[in-house]
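# Report on the structure
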Amino acid sequence: MILKKAISSIAFRISVSIAAVVAATTIGIGYLILIEQRNMLELELHDKGINLIHIIAHHVTEPLLYEERHIIYSVLNASMIDKESLVVYAEVYDKNGKLTVSAFNSKKVQKKKLQPLNFEAFVNGLDIQDDSDLQLHHVSIPIDTETLGTIGYIRLGITNEFLHSTLKKAKHNIYLFCAAVIFIGIIFGLWMARKILRPILVLNKGVHMIGEGDVGVEIPLVGEGEIKELAQSFNNMSRKLKELFDATKAAQENLIRTEKLYAIGEFSAGVAHEIQNPLTSIKMLMQTVAHKKQALSDKDFEVVEGEINRIDRIIKEFIAFARPKKLEKSHLNINDVLEDVILITKPKMKQSRIFLEQTFSSDLPVINGNNDALKQVFLNIVLNALQAMEEGGTLIVETSVDDNKVLVVINDTGIGILQENLKKIFDPFFTTKDEGTGMGLALTYAIVNEHSGKIDIKSKPWVGTTVTVELPLL
């Protein structure tokens, strides 16, 4: 991952580009130098061969006139004694082109049959032919005298070994030079890329710091020209973002305070409204008793007790929602919780002619939760479903695992919920029932949220409702 990131970086690409340009330039120059050196060496070899053949021709002229072959052989052989001699063979022909004397310094050349002398190839009294197989040059000239004219011919074999060894050394030196230049080019490319990109790297670091939440950070003003202006613009942007962030945070805090006050007002109004009804009943009963000047009957006491119990239930639900207790969690299986809920509500299902379909996952993993609190969650959901199917229906309860979450899906075929009410169902004191405080689903939502879970309700009027509860695994 680190290597891939380094290779994809701009610094690496620039350094590689510079190194590639340096390498290509160096290799191209080295190739041109080799070609030029080869041409110079070949020209030098030709000049040496021409000088040698003229010198040897001068020494064999007189022996050739008197047909002193042993002297001719001695002269030819002497030209090849020296280890550094370029001559590998020498041949002398008479004026008719017949071979008179030959000497060899190479068995390889001696074994190979040489081409006969080509008199038509002479240009300005000289013939030079390249032999790539034997790696030598065949140099031929006529042997002339002032009085007799051409009295014969001489041909020398000039070896290319010196040329090839010199070129080999030159190639080796050029390869070393190219490697050194490429290495220096890479180092220089890295240094140049770092120098060029340093302002961008500093700017990139600043952007990352802002992305991590360090709003208001400023970077050093490095680089020149447009890069420096960009760094200055970044610092200005960072300061303005800081100011905007602080202003937004202050506005958000003020909005939260306002929402809290509004929620408290709504909550208080809901509590007051719920308590007002039983208090009104008690007040009216007491006023009737005072007006008639008679004691309360047993029935009156039952009404008062029922209304007081109702007030007590409202207060308890209010306290449970406003100041929830810290839930003590333990490892549990949701299937067990749902089994208890179904056991409690089974009589109600039979009474309301409701058919139950349950599909529990057999390999459901345990979660970390509070048994009583989760039992209250699913009991509220199931009771709401049963109340929505007073004339009978089907209740489907399923459990499964998906993406590190336990899913509980409860579906009913009841009257459903109107779309405009779906947005309010988790609001405290919101209810569409004649009886009830509207705190059931609000408490359910709070408990699920306390378990770091999610609850979702989808419904269609006169079709049914589906409630999905997601709870995280351990």
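Placed above this text is the structure.
Parameters at a glance
Residues numbered from 1 in each chain as written. Predicted model: local features only at pLDDT ≥ 70, side-chain atom pairs only at ≥ 80, totals over all residues. Heavy atoms only, no water. Patch = residues over 30% accessible without salt bridge, like charges linked within 9 Å, V, L, I, M, F, W, Y side chains within 5 Å. Areas by Shrake-Rupley, 256 points an atom, 1.4 Å probe, with all protein chains shown as cover. Salt bridge = Lys/Arg side-chain N within 4 Å of Asp/Glu carboxyl O. Helix = DSSP H or I, 4+ residues; strand = E, 2+ residues; numbered from the N terminus. Phe/Tyr/Trp six-rings, centres within 6.5 Å; stacked < 30°, edge-to-face > 60°. Buried < 20%, exposed > 50% of the residue type's maximum accessible area, 1.4 Å probe, protein only. Pairing = 2+ DSSP bridges. Axes fitted to C-alpha atoms, helices over the stretch in contact; angles between N-to-C directions. Contact = heavy atoms within 4.5 Å.

Judged by side-chain polarity, F183, I184, I186, I187 and L190 come together as a nonpolar surface patch covering roughly 480 Å² of accessible area. Examined against the element boundaries, L190 turns out to sit in helix 5 (residues 161-211).

This brings us to the packing of aromatic side chains. Inspection of the entire model under this criterion finds two aromatic pairs. Ring geometry for Y89 against F104: centres 6.0 Å apart, planes inclined by 25°, an arrangement best described as stacked. Highlighted residues: Y89 in strand 1 (residues 87-94) and F104 in strand 2 (residues 99-104), separated in sequence by 15 residues. The exposure class assigned to Y89 is buried, which follows from its relative accessible area of 0%. Residue classification places F104 among the partly exposed residues on the basis of a relative accessible area of 27%. With a centroid separation of 5.1 Å and 40° between ring planes, the pair formed by F426 and Y445 is classed as tilted. One end of the pair, F426, is in the loop between helix 10 (419-422) and helix 11 (440-450); the other, Y445, is in helix 11, with 19 residues separating them in the sequence. Y445 gets classed as partly exposed once you look at its relative accessible area, which sits at 42%.

Read from one edge of the open sheet, five strands run 7-9-10-12-11, paired in mixed fashion. Only two strands of the sheet have a single partner each, and these edge strands are strand 7 (354-359) and strand 11 (454-460). Shown here is a sheet whose adjacent strand axes are inclined to one another by a mean of 10°, direction ignored. Judged from the seven bridges that link them, strand 9 (residues 393-401) and strand 10 (residues 405-412) form a sheet pairing that is antiparallel. Directly across from I396, in strand 10, lies its bridge partner N411. Packed onto the sheet, helix 9 (residues 371-387) meets strand 7, strand 9, strand 10, strand 11 and strand 12 (464-472) and runs at close to 25° relative to strand 10.

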